[in-house]
Amino acid sequence: MSEKRALALHPQDNLAVAAQDIAAGDPVRVVYKDGATQQIKAVEAVPFGFKIALADIAQGAELLKYGQVIGCASRPITAGQQIHVHNAQGQRA
Amino acid sequence: MSFLGYPRPDGSYGTRNYVLVLPGGLVSSKICQFVDGVRTIITPDYGGGRTQRDRQTVARVLVGLGRNPNVAGVILHGLHPAMQYPELKPAVLAQQIAASGKPVEVITAQPFRDTYEVLVRGIKAARRLVCEASHVRRQETGDEHLCLGVKCGVSDSTSGIAGNPAVGYLYDQVVAAGGTAMFGETTEIIGAEHLLAQRAASPEVAQRILAVSHDIEEKSKGYGQDIRTVNPIPANIEAGITTLEEKSLGAIAKAGSTPIQGVLAYGERPAGKGLYFVDNWMSMNSIFLGYAASGANLTLMVWGGGGYVADTILYPSLGVVAPLLWTTGNVNTYRACEESMDFCAGTVIDGSETLGQAGDRLLALVRQVASGSFTKTDTLSFQEANKVYFQDAAF
């Protein structure tokens, strides 16, 4: 249960990128570009480079990375869960 | 002084000093085997059975490769039947290449002369031109004579936060010094095109960026395809990229932050210096050839890879005459194929380097390669086939 790092790329983002492999239950220090940090708890494993939710996200709500919309939640997501194709989808076809 | 380049009559500087024989095919390949220092293109895309628009693209690629600063002299022959289309006639291509002031020799303009005779004459001409090229000496010059092209491949989420931003930093430095930098991959700006349009140097350029992005999305729909089933590719998804928008937002980081001066067609030469968007296809077999035809004297690949190694990492330059420098933002990928990767920006993610520090390291490496240092894949003799980016159906 050692503390892991994740990178938030924009202050408005509701997700961060794992800077190392994160295991279920790990405390995660989320580091913003300006050096600010916040701590969350991973509720499931998030491999290096994959996305972790920073807040609860309702089904259909927008996902923000780089301060931009990268898609929406295809099912409800809770803070600390991994975000990927199983619970998120793009909006461009 | 930033690098040592080969001065050319048109004022450009080469990072390499090749003789080029065109078009590709058996005779040209044999000339390359016989004479050291000669390059040719390997592709079935001669232009036969193609629309006029697509044949013009082939012509643009052949002329552009010939005019590339890394080429000291050019040999043309007309042995392939496609070379009899008006826009592909050897004399027509030769005239356009010769406008750059470099020596151009047309071995035969005829389609079906004796192949063996053309081979012998080609070998003799190549030996003569290689000797002539060897008299050119590298001279000190500046970053304003760098002309770069970039592609990101098998992107993972390190690409958008380390690999591509490091190239973006490099591009900002080169553009600030008066150089030229190109990026492209039209399907991979979908979802980020509004951000690029905001950076256009004029309203016309902004409109053009939005138009090419819209067109490729509509083209995909016209074929009954959901572009999301084409891109992101499975390897992207396995490596943590979820949506096309996410991939695009990471991809445009390689364009840095300077204004976009124009939108170029595949193989089109930029009218001026600065940052250009090229409306091209993401395939590595196609994109680097296009950049070289647009005048790139050095190209970069930003590999994500998700830590796994593909044999494509061993592809040498697909720009035929423009060296290819392999970079990654993923430390796991770098460790897995260090003997093939030239640069790693993964330090930005683990916090051991700032983006500026990693970017400065990349700029120094680019200047070294531009001065003649080999990239790791420069040591390989394998030549992968190229594909010309066509717009129309085959007939």
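The model shown is predicted, which means the values in this text are computed figures rather than measured ones.

(A) Spotlight on the overall build of chain B. Within chain B, the secondary structure is distributed over 13 helices and 14 strands. Scaling as 2.2 N^0.38, a compact globule of 395 residues should have a C-alpha radius of gyration of about 21 Å, and chain B matches this with 20 Å. Across its three principal directions, the C-alpha atoms of chain B cover 60 × 50 × 40 Å. Taking contacts inside chain B between residues at least 6 apart in sequence as the whole, the part at least 24 apart equals 74%. For chain B, the accessible surface area stands at approximately 14,500 Å², while carbon and sulfur atoms represent 54% of it.

(B) Focus on the packing of helix α2 (residues 52–67) of chain B against helix α10 (residues 284–293) of chain B. All names here are of chain B. Between α2 and α10, the shortest axis-to-axis distance is 7 Å and the interhelical angle comes to 60°. Classed by the angle they form, the pair α2 and α10 counts as oblique. Residues Arg60, Val61, Gly64 and Leu65 of α2 form the contact with α10, whose participating residues are Leu289, Ala292 and Ala293. Each residue belonging to the contact of α2 with α10 can be placed in one class, and the counts come to five nonpolar, one polar and one charged.

(C) Seen up close, the layout of surface pockets. Computed from the structure, the largest pocket encloses a volume of approximately 710 Å³. Along the walls of the largest pocket sit 27 residues, with Leu9 and Lys33 of chain A together with Gly160, Ile161 and Pro165 of chain B positioned nearest its centre. Counting only elements with at least two residues in the lining of the largest pocket, the list comes to β1 (4–8) and β3 (27–32) of chain A together with α5 (157–176) and α12 (347–350) of chain B. Looking at the lining of the largest pocket element by element, the count peaks at six residues for α5 of chain B. In the lining of the largest pocket, the residues fall into 16 nonpolar, seven polar and four charged.

(D) Structural detail: helix α1 (residues 26–34) of chain B. Residue and element names in this part refer to chain B. Three or more residues of α1 are buried, namely Val27, Ser28 and Ile31. Projection of α1 onto a plane perpendicular to its axis shows the buried side chains occupying an angular sector of 100°, all on one side. Residues Leu26 and Gln33 are exposed on α1 and point more than 90 degrees away from its buried face.

(E) Main features of the domain arrangement of chain B. All names here are of chain B. For chain B, the assigned domains are domain 1 (18–135) and domain 2 (143–379). The centre of domain 1, based on its C-alpha atoms, is set 29 Å off from the matching centre of domain 2. In this assembly, 15 residues from domain 1 lie in contact with 16 residues from domain 2. Each partner contributes to the roughly 1,200 Å² buried at the junction of domain 1 and domain 2, and carbon and sulfur atoms together form 62% of this total. Taken together, the links from domain 1 to domain 2 amount to zero salt bridges. Applying the counting criterion to the domain 1 and domain 2 interface returns six residue pairs in polar contact (both at pLDDT 80 or more). Elements with a contribution of two residues or more to the side of domain 1 that touches domain 2: β3 (18–22) and α2. For the side of domain 1 that touches domain 2, the element with the highest residue contribution is α2, accounting for six residues. Taken together, the residues that form the side of domain 1 that touches domain 2 break down as seven nonpolar, five polar and three charged.

(F) Inspection of the pairing of strand β4 (residues 37–41) of chain A at higher detail. Residue and element names in this part refer to chain A. Where β3 and β4 come together, five bridges link them in antiparallel fashion. Within β4, the residue paired with Val31 across the bridge is Thr37. A loop of four residues connects β3 with β4, the two strands running antiparallel in sequence, and Gly35 in this loop sits at a positive phi of about 95°.

(G) Region of interest: empty space enclosed by the protein. Residue and element names in this part refer to chain B. According to the stated counting rule, one finds two cavities of 30 Å³ or more in the structure shown. For the largest cavity, the calculated volume is near 80 Å³. Looking at the largest cavity, the residues that line it are Pro23, Gly24, Ile41, Thr43, Asp45, Tyr46, Val58, Val61, Leu62, Met83 and Val388. Classifying every residue of the lining of the largest cavity by side-chain character gives eight nonpolar, two polar and one charged. As a volume, the second largest cavity reaches approximately 50 Å³.

(H) Local environment of the interface of chain B and chain A. Taken together, the contacts link 29 residues of chain B with 24 residues of chain A. Carbon and sulfur atoms make up 57% of the surface buried where chain B meets chain A, a total of about 2,200 Å² over both sides. Its salt-bridge partner being Lys65 of chain A, residue Glu246 of chain B comes within 2.8 Å of it at the nearest N-O pair. Here chain B is connected to chain A by eleven residue pairs in polar contact (both at pLDDT 80 or more).

(I) A look at α2 of chain B. Residues and elements named next belong to chain B. The end-to-end C-alpha distance of α2 is 22 Å, a good match for the 22 Å that 16 residues give at a rise of 1.5 Å each. Those residues of α2 that sit buried are Asp54, Arg55, Thr57, Val58, Ala59, Val61, Leu62, Val63, Gly64, Leu65 and Gly66. Close packing links the buried residues of α2 with β3, β5 (71–77), α3 (90–98) and α10.

Scoring rules and cut-offs
Residues numbered from 1 in each chain as written. Chains lettered and ligands numbered in written order. Predicted model: local features only at pLDDT ≥ 70, side-chain atom pairs only at ≥ 80, totals over all residues. Heavy atoms only, no water. Helix = DSSP H or I, 4+ residues; strand = E, 2+ residues; numbered from the N terminus. Rg over C-alpha atoms; globule rule 2.2 N^0.38 Å. Contact = heavy atoms within 4.5 Å. Areas by Shrake-Rupley, 256 points an atom, 1.4 Å probe, with all protein chains shown as cover. Axes fitted to C-alpha atoms, helices over the stretch in contact; angles between N-to-C directions. Parallel < 35°, antiparallel > 145°, perpendicular 65-115°, else oblique. Nonpolar A, V, L, I, M, F, W, Y, C, P; charged D, E, K, R; others polar. 1 Å grid on protein atoms, 1.4 Å probe; cavity = no way out; pocket = protein on both sides within 12 Å on 5 of 7 lines; lining within 4 Å. Points joined across faces, edges and corners; volume = space filled by probe spheres on them. Buried < 20%, exposed > 50% of the residue type's maximum accessible area, 1.4 Å probe, protein only. Arc of directions from axis to C-beta. Domains from an automatic or database assignment. Buried area = accessible area lost by both parts, 1.4 Å probe. Salt bridge = Lys/Arg side-chain N within 4 Å of Asp/Glu carboxyl O. Polar contact = N/O pair within 3.5 Å; in protein donor to acceptor, adjacent residues only side chain to side chain. Pairing = 2+ DSSP bridges. Expected span 1.5 Å × (residues − 1).

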